[in-house]
Structure formats: C-alpha cells, structure tokens
Protein chains: 2
Amino acid sequence: MTQIDRKAIPVPALRRMPAYCNYLKSLTLKGVVYISTTAVANDLNLIPIQVRKDFEYTGLSGRPKIGYNLEMLIEAVEYILGWNKMSNAVIAGVGNLGKALLSYQGFKNYGLDIIAGIDEDKKKQGKEVAGRKIFSPDQIGALVKENKIGIGIITVPVESAQAMADLFVKAGVKALWNFAPVMLIVPADVVVQNENLASSLAVLSQRIKQQKEK
Amino acid sequence: MTQIDRKAIPVPALRRMPAYCNYLKSLTLKGVVYISTTAVANDLNLIPIQVRKDFEYTGLSGRPKIGYNLEMLIEAVEYILGWNKMSNAVIAGVGNLGKALLSYQGFKNYGLDIIAGIDEDKKKQGKEVAGRKIFSPDQIGALVKENKIGIGIITVPVESAQAMADLFVKAGVKALWNFAPVMLIVPADVVVQNENLASSLAVLSQRIKQQKEK
DNA sequence: TAGATTGTTAATCGATTAACAATC
DNA sequence: TAGATTGTTAATCGATTAACAATC
C-alpha cells in the first residue's frame, strides 16, 4: 500500500488537475484512446508545454507522436487528486452556504462525502437537509468517532468560526475547510484550507479595471 | 478622477488584501491610530517583511518606529480592492449555491451588489430570494441595461454554463464570475474569474496526505 | 522516411525572503 | 541616545516558458 513517493506536486499544477480530469473523462465518452498534450492544451486554452510538465507529475510517460494512454492518465490524475477514495466530512453551519454545500451532489465525484450537518440552532437540529441530518455542536465528538470524519467544513458566521474550529480540533479532526473570512488558530498538525470569496472578488475587480484601461 | 496608475499589484499580494482590510478595520474599533507591519504580521501569522512589501503597493509610507496611519491605510487598501465603490451584478442560476450567494449579506462590504437573479425555472421566475427578484434568461438584456450590470455570476449547472455566458456577453457584460466547473469561451475583452472548489479540495487533500506522512 | 510529439535540460520571469542603511 | 521599524536593494526560490535532441 505504501507507494513510492513522487515529489510533491506544486500547488498551481495541482489546481489545474481537476480541469484535466474532467476534460479527460469527457474524452472517454467519445471513445478516445490516446491523447496528446498538444490536443489537451488546445482544448483547455493552455500551452502545450505546460500540459506536458503537468502530466510529468503523474509519473506516466507518453509516446511521441501518439500521446498518453487516456485510461491510465485518468487513473493517475484521480490518484493525485485523491478522487479514488472517499473522505467523510461534517459541515458546521447550516445557513445558506452550508445548505448549498450539503446539497451539492458534485462533491462525491471529488472524493468528499459530507455525511452530516451541525448547527447551533435548535430548530434545525434533528431535521434533514438533502438527506443529511443536522446535529448539535455537542455531538461533534461522537459524530467524528463514529464516522471517521477527516474533514471539518466551517460555514458558520465569522464570530463563531474560531469556536467551531476549536470543537473540531478537540474532536480530533486534522483538516478544516474554512469558508469564514478569518484566520483560524489551530495546532501545527491541523491543516486549514481557507476559501476566500473576497480574495477572488478582489482579483476580478482588478482585472476589470485593467481591462477597461485598454 | 483619472488617478495616476500605480503598477499593478501581483495577484498573490492582492489576494491578501481583504484579510488586511478586515483586520485593520477591527483595529479602528479598538481605537488604534498607528499600526506597524510587525504587529500586523504577528496577528495575521505572516512575516513582517511580506506585510511591508504588501503595504508598499498602497503607495503610502510609514514612519519608522511608529508604523502606518491606520485610517489612511484602510482607505488605501479599500481603494485597491475597489470596496469603496459598488458594482452591480446579476446571478444566473438560483439553485442552492445561487441562493446562498444571493442571501449572503457580506458582499455589500466587498463592493458587490447582486441586484437580481435569473433562472430558467418558470416556477422561480417572479418570486424573490433574499429580497431580489428572479427573472427569465430572456430578460438579461433589459436587466443589464437598466441596472448598469458590470458582473454576471454563473451558478447554473455545467451543461448550461456556456449558454448563460453567451447570453451575458450578448447583453454587454464584460466580467463573469464563474462557479461552474468548465472553461468558458468568451471574447478577448471579457474577463472570466473561475471559482473552483474542486481545485481547493485538491490542495486540501494533498496537504492532508503530506501531514500524515510526517 | 518525415514530421509530430515527447522528455529533459536550460533560460526566464516573478514572488518571496534576506540584508542593511536610513529614520524617527 | 538606543532601538525598533521603515524603505530599498540584492539574493533566493520556484514556476513557467523556451529549446532541442530523442523517439515513434
């Protein structure tokens, strides 16, 4: 099971992997067997050399003039992305965003199964959203143990985000996906991935400004 | 009104700006007047030199031993982020995610006002979500003209994303914020900002893997 | 074979980090 | 003054892009 460790993939390359994966899968439906980096680049609006570099990280090699074996390539990319095995998650904060994430069916394809929700609101507790039951924050510990929860998703308001992170950490969760616009303080062995719409919006605004200047 | 153009801020620095802005604003409540980059770095888990570099982009200068004037700094950062002036947006696709974004109150602080929704579903048309009316896709043109819509937000399913983008483009919208996991094809003068949860999840999974190896 | 495509090494580019004199 | 903090120039690091021989 212990696979030889290829060197870690740079984050920018990693971020492009899902797009490759979806694209490559769409090709299987068309009966494609070999695919060249030139073709991929062309269809995804990238340059061939970047695709070539990115595919290097799969550890596979392609055949000159022919390209890569599509099936193996997809498998390798899925392995890199971890889409081949499921992680269980719990989402804390079943407001609008929480509901949206709970209801989103696509995560299952991305190796993520959000198995339950958590909310302080007693009216929500015991009810279901998209077939997932909502629990009280007190129950995090039990939930985590019983369901091998690896990821805690935080969609509570800013004010409660740190407290919720603390609860997750106390329950033994080592990875947090944080949608609240705060820097969470956690022990060194806990990974926090911040999702920040404000940042993206900032990038968009700047690009709009620059576009207008042309 | 045409301000002298400071050189464009690198994207990574820009992405850090919202965090600075929120943090700095929280300081005003405490009556802080001058703030040093050392203190900011300390509170935001960054290194002082990075903060110093980032603050350089504001065009302001700080006073050795004292720091930066908080009020001016906030103003400068808000200017960079464009949070000082509103852009109107319309959101296409009032499913779970669409509803979540429509209902999120925070965007107003980020200079974004989502003034209406668009959905193919006739049952949704004419109704309201979070006080915003839902229209039919046919009405995009009129909506855009009447409300000076600068940004089209796409939260429709993958299959309809390109078609919706085309409608926005046809209506004259020059900026799209795309939450559908596809590469949209648009004219060169249209800016597309892709929001990709799959990418973030990929980064999170890799970091979890690496953490476990330690 | 000819020519497209790969694999690999080197060059470029840009962001981060370091170093240190200037300043309050 | 002494020492913290700034502003600025240089060094480092890593990703992207270029170049080109190897290969099918």
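Read on for a plain summary of the structure. Treat the numbers as computed from the prediction; the structure is a model and nothing was measured.

Reading the values: rules and limits
- Residue numbering note: each chain is counted from 1, following its sequence as written.
- Lettering of chains starts at A and numbering of ligands starts at 1, both following the order in which they are written.
- The predicted origin of the model limits local features to residues at a pLDDT of at least 70 and limits the giving and counting of side-chain atom pairs to 80 or more, whereas totals for whole chains, interfaces and linings rest on all residues.
- Side-chain measures here rest on the full set of heavy atoms in the structure, leaving out hydrogens and waters.
- Helix and strand assignments follow DSSP, with helices taken as H or I runs no shorter than four residues and strands as E runs no shorter than two, numbered in order from the N terminus.
- We define proximity as follows: a residue is near a molecule or strand when any one of its heavy atoms falls within 4 Å of that partner.
- Any pair of nitrogen or oxygen atoms within 3.5 Å is treated as a polar contact; in protein, a donor-acceptor pairing is required on top of that, and neighbouring residues in sequence qualify only through side-chain atoms on both sides.
- Under the convention adopted here, Pro, Cys and the residues Ala, Val, Leu, Ile, Met, Phe, Trp and Tyr are nonpolar, Asp, Glu, Lys and Arg are charged, and Gly plus all remaining residues are polar.
- All copies are superposed by least squares; the fitting set is the C-alpha atoms of residues with a pLDDT of at least 70 in both.
- Contact between two residues is taken to exist if any of their heavy atoms lie within 4.5 Å; hydrogens are not considered.
- Here a salt bridge means any side-chain nitrogen of Lys or Arg lying within 4 Å of a carboxyl oxygen belonging to Asp or Glu.
- The rule is simple: take the accessible area with a 1.4 Å probe, protein chains only, and divide by the maximum for that residue type; under 20% is buried, over 50% is exposed, in between is partly exposed.
- Note on geometry: axes are C-alpha line fits, over the in-contact stretch for helices, and angles between N-to-C directions span 0 to 180 degrees.
- Note on angle classes: values under 35 degrees are labelled roughly parallel, values over 145 roughly antiparallel, values of 65 to 115 roughly perpendicular, and the remainder oblique.
- Between any two strands, pairing holds if DSSP finds at least two bridges.
- Note on aromatic pairs: the rings of Phe, Tyr and Trp (six-membered ring only in Trp) are paired at centre separations within 6.5 Å, and the planes decide the class, stacked below 30 degrees, edge-to-face beyond 60, tilted for the rest.
- A positively charged side chain is recorded as over a ring if its NZ (Lys) or CZ (Arg) lies within 6 Å of the ring centre. The angle to the ring normal must also be within 35 degrees.
- Summed over both partners, the accessible surface that disappears when two parts come together, traced with a 1.4 Å probe, is what is meant by buried area.

1. Some words on the environment of B:Leu143
Step number 1: Examined against the element boundaries, B:Leu143 turns out to sit in helix H6 (residues 140–147).
Step number 2: A C-alpha to C-alpha distance of 10.0 Å links B:Leu143 and B:Ala89, two positions 54 residues apart in sequence.

2. Notes on the protein's contact with DNA strand D
Step number 1: The environment of DNA strand D is formed by 24 residues, the closest being A:Ile49, B:Thr37, B:Arg52, B:Gly62 and B:Tyr68.
Step number 2: The sugar-phosphate portion of DNA strand D accounts for 54% of its atoms within 4 Å of the protein, the bases making up the rest.
Step number 3: Taking B:Thr37, its side chain carries an N or O atom lying 2.4 Å from a phosphate oxygen of DNA strand D.
Step number 4: The contact in question runs from a phosphate oxygen of DNA strand D to an N or O atom on the backbone of B:Gly62, over 2.5 Å.
Step number 5: Residue assignment for the surface near DNA strand D shows that the elements contributing at least two residues are helix H1 (11–29) and helix H3 (48–56) of chain A together with helix H2 (37–44) and helix H3 (48–56) of chain B.
Step number 6: With four residues, H3(A) is the single largest residue contributor to the surface near DNA strand D.
Step number 7: For the surface near DNA strand D, the residue count by class is seven nonpolar, seven polar and 10 charged.

3. Considering the relation of the copies chain B and chain A
Step number 1: The transformation that overlays chain B on chain A combines an axial shift of 0.0 Å with a rotation of 180 degrees, and the residual RMSD is 0.0 Å. Viewed as a symmetry operation, the transformation between the two copies matches a two-fold axis.
Step number 2: Most of the interface of chain B is mirrored in chain A, where 100% of its interface residues are also at the interface.

4. Details of the protein's contact with DNA strand C
Step number 1: Contacts to DNA strand C come from 24 residues, most closely from A:Thr37, A:Arg52, A:Gly62, A:Tyr68 and B:Ile49.
Step number 2: A share of 54% of the atoms of DNA strand C within 4 Å of the protein falls on sugar and phosphate groups.
Step number 3: At 3.1 Å from a sugar or linking oxygen of DNA strand C is found a main-chain nitrogen or oxygen belonging to A:Lys65.
Step number 4: The contact in question runs from a base nitrogen of DNA strand C to an N or O atom on the side chain of B:Arg52, over 3.2 Å.
Step number 5: Class assignment of the residues belonging to the surface near DNA strand C gives a composition of seven nonpolar, seven polar and 10 charged.

5. Details of the pattern of salt bridges
All names here are of chain A.
Step number 1: Here the structure, examined in full by the defined rule, presents 12 salt bridges over all chains.
Step number 2: The closest approach of N and O atoms between Lys 53 and Glu 56, which form a salt bridge, is 3.9 Å. Pair noted here: Lys 53 and Glu 56 are both in helix H3, with a separation of three residues, about one helical turn.
Step number 3: The exposure class of Lys 53 is partly exposed, given its relative accessible area of 46%.
Step number 4: A salt bridge links Asp 119 to Lys 124, with the nearest nitrogen and oxygen atoms 3.8 Å apart.
Step number 5: Classification of Asp 119 by relative accessible area gives buried; the value is 11%.

6. Quick notes on the packing of H1(A) against H3(A)
Residues and elements named next belong to chain A.
Step number 1: Viewed as axis vectors pointing N to C, H1 and H3 meet at an angle of 100 degrees, and their least axial separation amounts to 11 Å. In terms of orientation, H1 and H3 fall into the roughly perpendicular class. For the pair H1 and H3, contact is made by Ala 13, Arg 16, Met 17 and Tyr 20 and by Gln 50, Val 51, Asp 54 and Phe 55, respectively.
Step number 2: Grouping the constituent residues of the contact of H1 with H3 by class yields five nonpolar, one polar and two charged.

7. Points about the pairing of strand S6 (residues 132–135) of chain A
Residues and elements named next belong to chain A.
Step number 1: Across the two faces of S6 the burial differs, with Arg 132 and Ile 134 buried and Lys 133 and Phe 135 not buried at all.
Step number 2: Bridging between strand S4 (residues 112–118) and S6 involves two bridges; their strand directions are parallel. Bridged to Ile 118 within S6 is Phe 135.
Step number 3: Both strand S5 (residues 128–129) and S6 contribute to a ladder of two bridges, which runs antiparallel. What sits directly across from Val 129, in S6, is Arg 132.
Step number 4: Connecting S5 to the antiparallel partner S6 that follows it, the hairpin turn spans two residues, and Ala 130 within it adopts a positive phi of roughly 50 degrees.

8. Considering unusual backbone geometry
Step number 1: Phi is positive for A:Ala130, close to 50 degrees, though the residue is something other than glycine.
Step number 2: Along the chain, the position of A:Ala130 falls in the loop between S5 and S6.

9. Section: the packing of aromatic side chains
Step number 1: Taken as a whole and assessed by the stated rule, the structure comprises 14 aromatic pairs over all chains.
Step number 2: Ring geometry for A:Phe107 against A:Trp177: centres 5.8 Å apart, planes inclined by 70 degrees, an arrangement best described as edge-to-face. In this pair, A:Phe107 sits in the loop between helix H5 (96–103) and S4 while A:Trp177 sits in strand S8 (residues 175–178), placing the two residues 70 residues apart along the sequence.
Step number 3: With a centroid separation of 6.5 Å and an interplanar angle of 70 degrees, the aromatic rings of B:Phe107 and B:Tyr110 are classed as edge-to-face. There is no split in this pair, since B:Phe107 and B:Tyr110 are both buried.
Step number 4: Aromatic ring contacts, followed pair by pair, group A:Trp83, A:Tyr104, A:Phe107, A:Tyr110, A:Trp177 and A:Phe179 into a single cluster.
Step number 5: Directly above the aromatic system of B:Tyr79 lies the positively charged group of A:Lys209, at a separation of 4.9 Å from the ring centroid.

10. Re the interface of chain B and chain A
Step number 1: With 51 residues of chain B in contact, the opposing surface of chain A contributes 52 residues.
Step number 2: In total, chain B and chain A occlude about 4600 Å² of area from one another, counting both sides; carbon and sulfur atoms represent 63% of this.
Step number 3: Linking chain B with chain A are zero salt bridges, by the criterion used here.
Step number 4: Connecting chain B to chain A are 14 residue pairs in polar contact (both at pLDDT 80 or more).
Step number 5: Looking at the side of chain B that touches chain A, the elements that each hand over two or more residues are helix H1 (11–29), helix H4 (70–81), helix H5 (96–103), strand S8 (175–178), strand S9 (191–194) and helix H8 (197–213) of chain B.
Step number 6: By residue number, the principal contributor to the side of chain B that touches chain A is H8(B), which donates 16 residues.
Step number 7: Split by residue class, the side of chain B that touches chain A holds 33 nonpolar, 11 polar and seven charged.

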